[in-house]
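Secondary and tertiary structure notes
For reference, the chains in residue letters:
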Amino acid sequence: CPICPKCISINCFCLCCNKEIIYFLNESTADIQLEAARTVRETVGKGRLVFSFFCYLTTCMCDYNAGGCGRSGHLAMEKVMASPDIDVFTSPIGYHDRRIGGMAYAQACAESLMKRGKLYLSEDDSPTHLAELKPAKYPPLGNGQGWLAKDAEESLLILRRNLATMYCCNYPIWWMDIHGSGWFDDPKLWPEMSRFRATERRLMANPRPFEPEVALAMDVGSRRFVYGQGTGYRLLFQSNIRMAMNLGHTGTPYGHYLADDVLAGLFPKVKFAVFNDSYAMTSAKRREMRRYADGHSCLWLYAPGYIDLDSGEFSASAVAEATGFEVEVLKDVCFGYVFDNEILKRLGVPPITGPQWQDDSKDRSFPDTVYFSPVPREDDLVLARYANGNKTAIVIR
């Protein structure tokens, strides 16, 4: 590792070096996709569909890669999506809620892809009841998350749910037998495809766009500034994977979008936008977000705009510029918080007892963890306060 000329460091995980590495990895991965697609297009002509295994954005390997999400190679999406040589993007359904009673969220910014005239093809590589008899060579697809169906009936319920979800969202799905292990080698499973054929014909004869009123807005540019396995897990697992699951369990139709598309007004029917990872912004983008929030209901999960890309500094005033909420930066609180049940009662929400989430105030694994306390105005509803103090944690304005 050469000495960094900007900070005189030989540690390539310093901010400036790591930023350059991460930009290079994502841009070069995008360039390889584009070059490969262009070569295929020149070879086969315009009469064939060109597919790309890409766009793993909801999970985006945030808790698997040692370098964190920034090193995934999937964070130059706009560049790849603009390619005239790629017709279809494909990635598996989300990994973390496939069990009975779960839901099948997309890993891609599926609605942003469709808006650009691309097709999103979802891969269903769920382990059926045959998975233990015919194990795959890829251990994470075992039963660590309770995915495994206990019998053919449960397998059918899971496959049916996944098929129905894709039909609702207007994109296709295919069954992927990992490593040819034989997970679908049961004649009881295959009639499920034919049961959906009549629905498919109706949809194709009467096409309607999927335009949900709720958007999960993913900011791939901000993710380039999330380094390290532990940091990636804390910042992106909860805000991306858990939020995708939680929205699904409400029963509310929602779409997966790039945050910049939502701010640009490409989806005028969106009434509620969840900005789950908009950590890094320029002043121009912060003003754009603030304008958008004047006309839409918005939820910001954590640190929106806290990284000021104009100055290269952390900035509480930048959070206020993006959201309209002044915030106090806290260091001596825990991630647990307690709800005000009187406020919840006024909102028609059942009471929530005890501190929510974990008390990490003694966890020295993340000594630089920053918490934010929104400064409430007179008419704000303070839903919750941090558990080990009286600081505001969750506010509705």
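Treat the numbers as computed from the prediction; the structure is a model and nothing was measured.

Regarding the overall build of the protein
- Looking only at helices and strands, one finds 12 helices and 16 strands in the protein.
- Taking all contacts inside the protein whose residues are at least 6 apart in sequence as the whole, residues at least 24 apart take part in 72%.

Digging into the environment of Y371
- Within the secondary structure layout, Y371 lies in strand β14 (residues 371-374).
- Given the relative accessible area of 6%, Y371 is considered buried.
- Remark: the alpha-carbon pair of Y371 and E328, spanning 43 residues in sequence, is separated by 8.4 Å.

Here we look at the layout of surface pockets
- Of the volumes computed, that of the second largest pocket is approximately 550 Å³.
- Along the wall of the second largest pocket there are 19 residues; nearest its centre are M166, Y167, N170, Y171 and L203.
- Elements that contribute at least two residues to the lining of the second largest pocket include exactly α4 (152-169) and α6 (197-205).

Considerations on the nonpolar core
- Membership of the largest hydrophobic core comes to 54 residues, with the highest contact counts inside it found for C55, L57, M77, C109, L113, Y120 and Y171.
- Counting only elements with at least two residues in this core, the list comes to α1 (15-44), α2 (77-81), α3 (110-115), α4 and β4 (173-175).
- Of all the elements, α4 adds the most residues to this core, at six residues.
- Membership of the second largest hydrophobic core comes to 20 residues, among which are Y257, L263, A322 and V395.

What about the sheet that holds strand β11 (residues 313-314)?
- The strand order across the open sheet built from three strands is β8-β10-β11, with neighbouring strands paired in mixed fashion. Strands with a single pairing partner mark the edges of an open sheet, and in this sheet they are β8 (280-281) and β11.

Considerations on a nonpolar patch on the surface
- Together, L347, V349 and I396 make up a nonpolar patch on the protein surface, roughly 220 Å² of accessible area in all.
- With respect to the helices and strands, L347 occurs in the loop between α12 (341-346) and β14.
- By relative accessible area, which is 42% here, L347 ends up partly exposed.

Some details on the pairing of strand β5 (residues 214-218)
- Where burial is concerned, most of β5 is hidden: five out of the five residues are buried.
- Where burial is concerned, the two faces of β5 agree: the one with V214, L216 and M218 and the one with A215 and A217 are both buried.
- Inspection of the sheet shows β5 paired to strand β7 (residues 272-275) by four bridges, in the parallel sense. Bridge pairing in β7 places A217 opposite F275.

A few points about the pattern of salt bridges
- Inspection of every chain in the model, using the stated rule, returns 22 salt bridges.
- Here E211 and K115 are joined by a salt bridge, their closest N and O atoms 3.9 Å apart. Residue E211 is found in the loop between α6 and β5, and its partner K115 is found in helix α3; the two are separated by 96 residues along the sequence.
- E211 sits in the partly exposed class, given a relative accessible area of 34%.
- Where D261 meets R116, a salt bridge forms, and the shortest distance between an N and an O atom there is 2.6 Å. Note that D261 is positioned in helix α9 (residues 259-263) and R116 in the loop between α3 and β3 (119-124), a separation of 145 residues in sequence.
- Owing to a relative accessible area of 5%, D261 belongs among the buried residues under this scheme.
- Accessibility expressed as a relative area gives 33% for R116, which makes it partly exposed.
- Look at the salt bridges and you will find they share partners, linking E27, D31, K79 and R224 into a network.

What counts as what
Residues numbered from 1 in each chain as written. Predicted model: local features only at pLDDT ≥ 70, side-chain atom pairs only at ≥ 80, totals over all residues. Heavy atoms only, no water. Helix = DSSP H or I, 4+ residues; strand = E, 2+ residues; numbered from the N terminus. Contact = heavy atoms within 4.5 Å. Buried < 20%, exposed > 50% of the residue type's maximum accessible area, 1.4 Å probe, protein only. 1 Å grid on protein atoms, 1.4 Å probe; cavity = no way out; pocket = protein on both sides within 12 Å on 5 of 7 lines; lining within 4 Å. Points joined across faces, edges and corners; volume = space filled by probe spheres on them. Core = buried A, V, L, I, M, F, W, Y, C linked by side-chain atoms within 4.5 Å. Pairing = 2+ DSSP bridges. Patch = residues over 30% accessible without salt bridge, like charges linked within 9 Å, V, L, I, M, F, W, Y side chains within 5 Å. Areas by Shrake-Rupley, 256 points an atom, 1.4 Å probe, with all protein chains shown as cover. Salt bridge = Lys/Arg side-chain N within 4 Å of Asp/Glu carboxyl O.

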